Each structure stands twice: as C-alpha cells, then as structure tokens.
Amino acid sequence: MAQGSIAWKPAQIPNLSENENKLLLERLCQYSLANGLVMYPPGFNLANADIAPVTLFPTPFPKDLFEQAKNVQNTFSRLYALVVSHQKNWLLDLSKDLAVFDKDFTGMLYETHIKAVELCGSKLPQTLSLGLFRSDYMFDEQTHSIKQIEFNTVSVSFGGLSSKVGRLHDYLNKSGTYDSHGLYYGNEIPVSNSIKELSLGLARANEEYALRSTDSSSKPVVLFIVQDKERNCFDQRHIEYSLLEDHGAKSYRCTLEAVKDFTYVKDTKIYIKSSDEEVGVVYFRSGYSPADYESDPELTWGNRLYIETTKAIKCPSLLTQLSGTKKVQQALTDKALILSFMPDLQGVELEGLLDTFVKIYPFDNSKDGQLAKKLAFESPEKFVLKPQREGGGNNIYKDNIPGFLNSISESEWGAYILMELINPPTYENKILRLGQVLTEGILLELGIFGTILFDEETGEVLHCENAGHLLRSKVSSSDEGGVAAGFGCLDNVFLQ
Ligand code: ADP
Ligand code: MG
C-alpha cells in the first residue's frame, strides 16, 4: 500500500482557449451521439435521446488504488458466491431477521425464495447462478486508500455507457482536442471493457444452460426484465448488441408486470410466447427496489416467483440478490467471519480486501449495535445511516440522523446500518448536462464490475472475471451520486 507515501497530487484539467473549448464541445457532442453515449430525457418519445451527463475531461485517480480495486474484485465475487452457496443457512437466517423489520421488500425477497423452494419440492430446478456484480469505492485522501461504499449484486448499471465514456475521453485525447501539441493525458486513460465482459458473462451462462438442459437444437435466448419507460435503456442495449454480435445470442425485453403475457413455462423451462424460443438466462434490470413492485404487488411478486421456479439461470437469483443487502456488507467487514468463510484467504489478497473497509455498525442489540446507537446521537456528522435499499436517494446523512431515528419507533432501527463517512477530495472538472457546460467541484465514485457463474448448491465456480470499471462524479454539494437520479454524471479515470 502507498500509505504514508508523499501526498498524491492530481493534475489540473487543461486550460483551453475559447476556440479550443468550442471545438471540444462540438467533438464531444457528436462523438457521444454517434456512439450511443445517450439517455432518454424524462417523458421521452422513442426517437429523441439526449447525451448522457458526462465530464468534459477524465478525472485523475491514483493508479495504485485503481489496480488494487481491480485486484480484489474476483475475491469479492467469490466471497459473495460463497455466501450464497456454502453459507446459505447463514444468509437465510440473516435475511429472515431483516424480514421482520423490512417486510415489504427484504421480507418479500426472502419469502419468495422460500416459497419457490417449497413449490419445487425442496430443490430449485436450476442451481447455476449468474452474478454481474459491481463494487463501489471512494478514494480516501488521508490514508491514501480506496474505501468500499457498497457491493451490488443486482441490476448493476452503466457497464454499457462506461465503455462509451472511456472511448470518448480516449478519442478526445488522441485526436489532440485536449492538447493540440500531443497527448495531454499520455496513455493513461483506460477504456472499460464492461460491455464485452458483461455480455460474455451472460453468454457464458446461456451456453452452459444449453449444454446442460436444452434438448432443442436452437440456441437459448436471454430475457431482460426491464422497467417500463426505462430512460437508461441504451446502457442495456449496448450489452444486448454485444450479445448478438459477439456471441450470436438473441435477447428479448419485458417488464416484470408482463412476464406471464410474454412467456410460458413447460416442464419448468421458460419460453418466449411469440417465437417458442427457450430462455437460458433471465437478467434482471428491474426488481431491485420496492418501486419496481408497486404497480401491482400481487402480480409482480407472483411473476418473480414464477421466474424463480423455472430452469432458466437467473441473474441474479433471489438468494444472490439477498446477499447484496447492506446488512450482509456490514457483517462481512469482520475479518474473523471472512476467514471462517474463506479459510485459504491470506497475504495481499486478504489485506487488499480488508483495507477497503470502513467501520460499519449494525443497529441491533449486539455490543457494536449498542455503540452505534450512542454514536448516531453523539457524533452523527461522521456517519451515514442506510436502510436495506438500492438505487439511490434512501440514505440519511449526518445531522439528519438523530431526528430521523427519533421519528421512527426504536423497534424499526434494526433495519438500518450505520456507516462511517468516507471523505473523498474535491476536484474541479467541467460537466455537460442537458446542453449546458457547468464548472463544478466533484467527488468521485469508482465502480469495478465482476462476473461470476457459480453453482448455488456445490459452490463450484465456472467463470469468474473482472469486467471493467465505471467512474461516476457527483457534484460535491450533493450527498448522493446517482446519474440516472440526476445528481451525478459519467466520468472516466485518468491514472496517475
Ligand atoms: P444505493 O444502494 O442507494 O446506491 P449507496 O450505499 O451506494 O446506496 O449510497 C448512495 C450514495 O451515497 C453513494 O453513491 C455515495 O455517493 C454516498 N455514500 C454512501 N455511503 C457513503 C459513505 N460511507 N461515505 C460517503 N458517501 C457515501
Ligand atoms: Mg450505490
């Protein structure tokens, strides 16, 4: 680790003349539109998309820490796969406890899993499971380390657009747009291979499904479960195009509400109604938050159950989704617990993992839980309080914590975890958002993608790969950084 080394100093963004700025904007906009670095605006019609919010320049990020984040990814993926396979009872017990506090969501995920197992006579028809994961970090300047914000096991986004923003910045650099005399950023702008790697993960699962279960000669297809009127659909489409182009695998899209209209099941196999094609993989880009079930809870949870009881490989299964709760993340910051799950983990592999943790407290009756209840009121400015939710906009920050806790019954506190705040440095960059260029102080959040195909019964791992990276920047005045939610933008690392 570079801890204690001379302070890392980020390079400044280039100082461009008015004419150079004009050229930069023209090239950036046209490259983005030409290459699908786009999103639909609210209330869109099919034919008109906007350029996704992007930074004009890549933002400096320490090279050693970027490498560390990549190096620990496969260990994280294996750890979460182990939780689902060899530590299933531990995961189920923990989820059951959470279900008491959070009946409507974590409770439903848990119950739907239990129901699916019951319906299938104690064993689900498909034990293979696909994880497209993303581990998110912030850079802590004081300790020169990366600290994990969360580990996502469901519907991770921006693998598609991340490759595109990488190529955009690389193009601007190589075309001399940042510096007419040469490469301003040298060759230190890595382009994320997330489109290819995520589609490879899906294709690998689809092929394994075909090898093991199908008796038809045609190739199975991938079914994307998507939100209605998804504004970020281009991010998903890039993966679909790669599936077809690179692997000859067709894909279909339908909402959670429409699953039973769109498909039928025969002998536990699921087929597309309109074409009778067999589905090898069901890939959820919806179903990760309570809002995805709200339109008609009976129908949507019923459809989730219907999918879970089929032979298709789920990305993710309900169990794998449950392994991504904040509560599991909190429990897995305990070295002794990790070692009891992965006894062979040692040396740099183990240290690299542990080094990414900040303190996370449970909010229960344990000793740590008691301490959390004290700290939340005595020094809330050091913490963020998180419920078991995904998708942004759910956390409670700093001085809002005590008031929030007082506003709910103490019996509900167990649904939350209390996490130390990471304090990333602020950089200056320019952001293009809805046609306007803003000069902003930004904070960075680095995500590393990982794919894993594993057996939930035996723990066997058939495919485990790094799958590229994502850099999101958020305006430093906002606590949250969701790009789709509107506070953040897509960026890429300039390694130095
Ligand atoms: P979600 O599941 O809603 O994405 P996250 O845990 O990723 O929840 O939190 C949302 C955002 O809140 C993050 O993207 C980050 O900007 C901020 N955040 C979360 N945890 C921390 C932390 N420990 N320190 C600083 N910022 C944090
Ligand atoms: Mg997040």
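See the structure printed just above.
Described in the following lines is the structure provided in the data block. (Residues numbered from 1 in each chain as written. Chains lettered and ligands numbered in written order. Predicted model: local features only at pLDDT ≥ 70, side-chain atom pairs only at ≥ 80, totals over all residues. Heavy atoms only, no water.)

## Observations concerning the overall build of the chain
The helix and strand tally for the chain stands at 15 helices and 21 strands. At 23 Å, the chain has a C-alpha radius of gyration in line with the 23 Å of a compact globule built from 496 residues. Each principal axis of the C-alpha distribution contributes one length, and for the chain these read about 70 × 55 × 45 Å. Contacts in the chain between residues at least 24 apart in sequence constitute 74% of all its contacts with a sequence separation of at least 6. Across the chain, the mean location of the 48 positive side-chain charges is 2 Å away from that of the 65 negative side-chain charges. (Helix = DSSP H or I, 4+ residues; strand = E, 2+ residues; numbered from the N terminus. Rg over C-alpha atoms; globule rule 2.2 N^0.38 Å. Contact = heavy atoms within 4.5 Å. Lys, Arg positive; Asp, Glu negative; His and termini not counted. Charge placed at Lys NZ, Arg CZ, Asp CG, Glu CD.)

## Topic: the nonpolar core
Judged by nonpolar contacts, the single largest core of 71 residues is most densely connected at F61, F76, I225, V279, L332, L353 and L446. Among the nonpolar cores identified, the runner-up in size contains 46 residues, and L56, Y178, L432 and L470 belong to it. (Core = buried A, V, L, I, M, F, W, Y, C linked by side-chain atoms within 4.5 Å. Buried < 20%, exposed > 50% of the residue type's maximum accessible area, 1.4 Å probe, protein only.)

## Brief notes about empty space enclosed by the protein
Left-over empty space is what a probe sized like a water molecule reveals as it rolls over the atoms. Under the definition given, this model contains two cavities of 30 Å³ or more. By volume, the largest cavity is sized at about 110 Å³. Forming the walls of the largest cavity are 15 residues, and the residues nearest its centre are F105, Q321, G324, T325 and E390. Elements represented by at least two residues in the lining of the largest cavity include exactly α4 (103–119) and β6 (145–152). (1 Å grid on protein atoms, 1.4 Å probe; cavity = no way out; pocket = protein on both sides within 12 Å on 5 of 7 lines; lining within 4 Å. Points joined across faces, edges and corners; volume = space filled by probe spheres on them.)

## Some remarks on the site of ligand 1
Near ligand 1, the surroundings consist of 21 residues, among which K326, K386, G392, Y397 and E445 are the closest. At 2.8 Å from an oxygen atom of ligand 1 is found a side-chain nitrogen or oxygen belonging to E150. R389 is positioned with one of its backbone polar atoms (N or O) 3.3 Å from an oxygen atom of ligand 1. Within the complex, the protein chains bury 94% of what would otherwise be the 540 Å² of accessible surface of ligand 1. (Near = heavy atom within 4 Å. Polar contact = N/O pair within 3.5 Å; in protein donor to acceptor, adjacent residues only side chain to side chain. Areas by Shrake-Rupley, 256 points an atom, 1.4 Å probe, with all protein chains shown as cover.)

## So, the pattern of salt bridges
A side chain with one charge may pair with a side chain of the opposite charge, provided their charged atoms come close. Within the structure shown, the criterion is met by 20 salt bridges. Between R472 and E445 there is a salt bridge; the shortest N-O distance is 3.1 Å. Of this pair, R472 sits in strand β19 (residues 461–475) while E445 sits in strand β18 (residues 436–455), placing them 27 residues apart in sequence. Residue R472 shares its accessibility class with E445, and that shared class is buried. Residues joined by salt bridges that share partners form a network here, namely R134, D136, E445 and R472. (Salt bridge = Lys/Arg side-chain N within 4 Å of Asp/Glu carboxyl O.)

## Quick word on the layout of surface pockets
Taken as a whole, the second largest pocket encloses approximately 260 Å³ of empty space. Lining the second largest pocket we find 14 residues, and of these S163, K164, R167, I195 and K196 sit closest to its centre. Counted by class, the lining of the second largest pocket contains three nonpolar, six polar and five charged residues. (Nonpolar A, V, L, I, M, F, W, Y, C, P; charged D, E, K, R; others polar.)

## Some points on the pairing of strand β20 (residues 488–491)
Along β20, one buried face is formed by G488 and L490 and the opposite face, lined by C489 and D491, is buried too. The sheet contact formed by β19 and β20 spans four bridges and is antiparallel. Residue pairing across strands places L471 opposite D491, the latter belonging to β20. (Pairing = 2+ DSSP bridges.)

## Points about the packing of helix α1 (residues 18–35) against helix α5 (residues 159–174)
Axes are the key here: two packed helices are described by the angle between their axes and the distance separating the axes. Where α1 contacts α5, the axes come no closer than 10 Å and their chain directions differ by 145 degrees. For the pair α1 and α5, the crossing hand works out as right-handed. For the pair formed by α1 and α5, the contact residues are L24, R27, L28, Y31, S32 and N35 on the first element and K164, R167, L168, Y171 and L172 on the second. Of the residues belonging to the contact of α1 with α5, the class tally is six nonpolar, two polar and three charged. (Axes fitted to C-alpha atoms, helices over the stretch in contact; angles between N-to-C directions. Left-handed = near helix turned anticlockwise from the far one by under 90°.)

## Describing the environment of L23
One can find L23 in helix α1. Separated by 447 residues in sequence, L23 and L470 place their C-alpha atoms 26 Å apart.

## Overview of the side chain of S162
Summarising the element assignment, S162 is placed in helix α5. Excluding residues within four positions of it along the chain, S162 makes contact with S192, S194, H469 and L470.

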